[in-house]
Amino acid sequence: MAIYFYSWRIFLCVLLLLLISRGMSSSARKMSQSILDNGFQESSKDSHLLIKNGHFDHQMHQMDPSLNVFFTINDLKPGKIIPIYFPKKHPSISPHLLSREETNSIPFSLTQLSYLLELFSFSKDSPQAKAMEYTLKQCETEPVEGETKYCATSLESMLDFVVSVFGSDTKFKALTTNYLKSQVVKVALQNYTIVEEPKEILAERIVACHVMPYPFVVYYCHSREGGNRLFEMLVGGEDGETVEAAAICHMDTSQWDKDHVSFRLLNIKPGTSPVCHFLPADNVVWVPLPVVY
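Conventions and cut-offs
Residues numbered from 1 in each chain as written. Predicted model: local features only at pLDDT ≥ 70, side-chain atom pairs only at ≥ 80, totals over all residues. Heavy atoms only, no water. Helix = DSSP H or I, 4+ residues; strand = E, 2+ residues; numbered from the N terminus. Buried < 20%, exposed > 50% of the residue type's maximum accessible area, 1.4 Å probe, protein only. Contact = heavy atoms within 4.5 Å. Areas by Shrake-Rupley, 256 points an atom, 1.4 Å probe, with all protein chains shown as cover. Disulfide = S-S within 2.5 Å. 1 Å grid on protein atoms, 1.4 Å probe; cavity = no way out; pocket = protein on both sides within 12 Å on 5 of 7 lines; lining within 4 Å. Points joined across faces, edges and corners; volume = space filled by probe spheres on them. Nonpolar A, V, L, I, M, F, W, Y, C, P; charged D, E, K, R; others polar. Core = buried A, V, L, I, M, F, W, Y, C linked by side-chain atoms within 4.5 Å. Salt bridge = Lys/Arg side-chain N within 4 Å of Asp/Glu carboxyl O. Polar contact = N/O pair within 3.5 Å; in protein donor to acceptor, adjacent residues only side chain to side chain. pLDDT = per-residue confidence, 0-100.

Novice: Please explain the overall build of the protein chain as it appears in this structure.
Specialist: Looking only at helices and strands, the protein chain has seven helices and 16 strands in total. Out of the 293 residues in the protein chain, the part that is buried amounts to 53%. Within the protein chain, counting contacts between residues at least 6 apart in sequence, those at least 24 apart form 74% of the total. Per element, the accessible surface of the protein chain, about 13600 Å² overall, is 52% carbon and sulfur.

Here is the structure:
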């Protein structure tokens, strides 16, 4: 689904309404401790798609169903059947999207991890603590060569980063994966068929923002010139679900870790073939206008 940017303030209101409708924002705009605990437990358990050295990695066993997001660029054709994992996330237990005012009052630094664990009432050996430590480390790691990255703790800061990449005079739009028949996919992993010819979105530069495991919504946003191709496509699930899916193909994987799970799943080696992956519904890809299909 595409959302077009014309006025920063109007766009911010519209996107906030969109995210609220998907359950990613708190109606009361306050951090309820019980909701944070439950939601972060679910997020930490399901957010296996993590980032390492500027690209995706997994810390789960290779048979984990959430690994079914990768495919090759040769799979991009109508009628192709691909097993895809679209996370099942219920709005009531998902981490909340907070305002910049709220997140500015909370430290976001690995040096403050002990304080943060106490603030959110997580023990230092809990899965939540390990996930928070991981996210903070990834956010503080230097980007790989040719890449720009930023961890946004609010929608306002994410938009600031996008503007800094594209330029203040550039109009842009946001792309997300959109469930056309329901707000939550009924079956997380199932076979999907590409319904029609995938549409490539031609842009010199894109900004991809991925939700990281944290007590509230944190976006890991990164961008580099060239090297990626962006696609939109309709896929139909075995249960009748139709998804308007966004997918990114990384054309140059020569700098990726040779043990990256995608290479094992696709039976390829670094630098020999593009690696593509679908984006979960809570991820956002930003592209400058005009966009050519």
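Novice: How should I be thinking about the state of the cysteines in this particular structure?
Specialist: By definition, a disulfide is the covalent link that joins the sulfur atoms of two cysteine residues. Summed over all chains, the structure comprises three disulfides. Two residues, Cys139 and Cys151, share a disulfide whose sulfurs are 2.0 Å apart. Judged by the sign of its S-S torsion, about -85°, the cystine formed by Cys139 and Cys151 is left-handed. Placement of the pair is Cys139 in helix α5 (residues 127–140) and Cys151 in strand β6 (residues 147–152), with a sequence separation of 12 residues. Both residues of the pair, Cys139 and Cys151, belong to the buried class. A sulfur-sulfur separation of 2.1 Å characterises the disulfide bridge that pairs Cys209 with Cys221. Around the S-S axis, the bridge from Cys209 to Cys221 shows a dihedral of about 115° and counts as right-handed. Taken together, the positions of Cys209 in strand β11 (residues 207–212) and Cys221 in strand β12 (residues 218–224) put the pair 12 residues apart, joining distant regions of the chain. The same class applies to Cys209 as to Cys221, namely buried. Along the protein chain, the cysteines that take part in disulfide bonds pair up as 1-2, 3-4, 5-6, counted in sequence order.

Novice: Looking at this structure, how should I read empty space enclosed by the protein?
Specialist: Space left empty within the atom packing is revealed by a probe, the size of a water molecule, rolled over the atoms. According to the stated counting rule, one finds five cavities of 30 Å³ or more in the structure shown. Reported here for the second largest cavity is a volume of approximately 50 Å³. Around the second largest cavity, the lining residues are Glu147, Ile206, Ala208, His222, Ser223, Arg224, Asn228, Ile248 and His250. Looking at the lining of the second largest cavity, the element that brings in the most residues is β12, giving three residues. Taken together, the residues of the lining of the second largest cavity break down into three nonpolar, four polar and two charged.

Novice: I would appreciate a short explanation of the nonpolar core in the present structure.
Specialist: A general feature of soluble globular proteins is that nonpolar side chains tend to end up buried together. Formed by 19 residues in total, the largest nonpolar core has its most connected members in Met158, Phe166, Val207, Cys209, Tyr219, Cys221 and Trp286. Counting residues per element, the ones that place at least two in this core are α6 (155–166), β7 (172–175), β11, β12 and β16 (284–288). In this structure Cys209 touches Met158, Tyr219, Tyr220, Cys221, Asn283, Val284 and Trp286, once residues within four positions along its chain are discounted.

Novice: How should I be thinking about the pattern of salt bridges in this particular structure?
Specialist: Close approach of charged atoms lets side chains of opposite charge pair. Enumeration over the complete set of coordinates arrives at five salt bridges. Ionic pairing is found between Asp75 and Lys80, a salt bridge with its closest N-O pair at 3.5 Å. Residue classification places Lys80 among the partly exposed positions, given a relative accessible area of 29%. Between Lys137 and Glu133 there is a salt bridge, and its shortest N-O distance comes to 3.3 Å. Placement of both Lys137 and Glu133 in helix α5 is noted, with a separation of four residues, approximately one turn of the helix.

Novice: What is the right way to look at the side chain of Thr253 in this model?
Specialist: Relative to the helices and strands, Thr253 is located in the loop between β14 (242–250) and α7 (261–266). Of the polar contacts made by the side chain of Thr253, one reaches the backbone nitrogen of Gly271; its length is 2.8 Å.

Novice: I tried to follow the confidence of the model for the protein chain on my own but got confused; where do I start?
Specialist: A low pLDDT means the predicted coordinates there should not be read in detail. Summarising the model, the protein chain shows a mean pLDDT of 80, and 74% of its residues fall at 70 or more. When pLDDT is averaged over each element of the protein chain, helix α4 (residues 113–119) comes out on top at 96 and helix α1 (residues 8–21) at the bottom at 42. Taken as a whole, residues 3–39 scores under 50 in pLDDT and shows 80 contacts with residues more than four places along the chain or in a different chain. Overall, residues 52–62 carries pLDDT values under 50, and its contacts beyond four positions in sequence, including any with other chains, amount to 40 contacts.

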